[in-house]
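The primary structure of each chain is shown beneath.
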Amino acid sequence: MASSSQKQGSSKYVTLISSDGFEFVLLREAACVSKAIKKMLAGSFLETARGDRCHFEEINGIVLEKVAEYLCYNHKNRNREDVPDMDIPPELCLELLMAADYLDT
């Protein structure tokens, strides 16, 4: 059974692009955990040029990589109990907190 995004002809994958040009490709379903990314992909934000690419001018590659890792980790473990915590370097905590607040994850 096809998901609603596939019925609309959207790609199964999306690309998140950091302020310094790094690109992260992940499943649309995993990325749409973020309400902000979901709205960007729907065309509600100017930051997205096409329906499958989201540009983040305020988030650098190191932080966006950890965000993408979290989104995939969350998607992979969505139906599990007793999921171990992700390793987050202490020096990234503040920037990740700000990114999570912006992305509404």
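Residues numbered from 1 in each chain as written. Predicted model: local features only at pLDDT ≥ 70, side-chain atom pairs only at ≥ 80, totals over all residues. Heavy atoms only, no water.

- The protein chain appears in an unreviewed UniProt entry as Elongin-C from Hyaloscypha variabilis.
- One UniProt comment on the protein chain, placed under Subcellular location (unreviewed entry), says "Nucleus".
- Quoted verbatim from the Sequence similarities (unreviewed entry) field of the UniProt record, the comment on the protein chain reads "Belongs to the SKP1 family." (UniProt positions renumbered as here; feature names shortened; annotations may be inferred.)

Some points on the overall build of the protein chain
Then comes step 1: Scanning the protein chain from terminus to terminus reveals 5 helices and 3 strands.
Then comes step 2: Sequence-ordered secondary structure for the protein chain, helices as α and strands as β, is α-β-β-α-α-β-α-α.
Then comes step 3: Every one of the 105 residues in the protein chain was classed for burial, and the buried ones make up 32%.
Then comes step 4: Pairs at least 24 residues apart make up 55% of the contacts formed inside the protein chain by residues separated by at least 6 positions.
Then comes step 5: Carbon and sulfur atoms make up 51% of the accessible area of the protein chain, which totals about 7100 Å². (Helix = DSSP H or I, 4+ residues; strand = E, 2+ residues; numbered from the N terminus. Buried < 20%, exposed > 50% of the residue type's maximum accessible area, 1.4 Å probe, protein only. Contact = heavy atoms within 4.5 Å. Areas by Shrake-Rupley, 256 points an atom, 1.4 Å probe, with all protein chains shown as cover.)

As for unusual backbone geometry
Then comes step 1: Phi angles above zero are rare outside glycine, and Asp82 is one such case at about 55 degrees.
Then comes step 2: Within the secondary structure, Asp82 sits in the loop between helix H4 (61–76) and helix H5 (93–103).

With respect to a nonpolar patch on the surface
Then comes step 1: On the surface, a cluster of nonpolar side chains totalling about 350 Å² of accessible area is made up of Leu94, Leu97 and Met98.
Then comes step 2: Of note, Met98 is situated in helix H5. (Patch = residues over 30% accessible without salt bridge, like charges linked within 9 Å, V, L, I, M, F, W, Y side chains within 5 Å. Salt bridge = Lys/Arg side-chain N within 4 Å of Asp/Glu carboxyl O.)

Some thoughts on H5
Then comes step 1: Restricting attention to buried positions, one finds in H5 the residues Leu96, Ala99 and Leu103. The buried residues of H5 occupy an angular sector of 65 degrees when the element is viewed end-on, so they sit on one face. The exposed residues of H5 that point more than 90 degrees off its buried face are Leu94, Leu97, Met98 and Asp101.
Then comes step 2: Where H5 is buried, its residues meet helix H3 (35–41) and H4.
Then comes step 3: Phi for Asp104, located one or two positions after H5, is positive at around 55 degrees. (Arc of directions from axis to C-beta.)

Points about the confidence of the model for the protein chain
Then comes step 1: Summarising the model, the protein chain shows a mean pLDDT of 87, and 83% of its residues fall at 70 or more.
Then comes step 2: Confidence scores differ between elements of the protein chain, with helix H1 (residues 4–7) showing the lowest mean pLDDT of 43 and strand S2 (residues 23–27) the highest of 97.
Then comes step 3: In the predicted structure, residues 1–9 sits below a pLDDT of 50 and forms 4 contacts with residues beyond four places in sequence or in another chain. (pLDDT = per-residue confidence, 0-100.)

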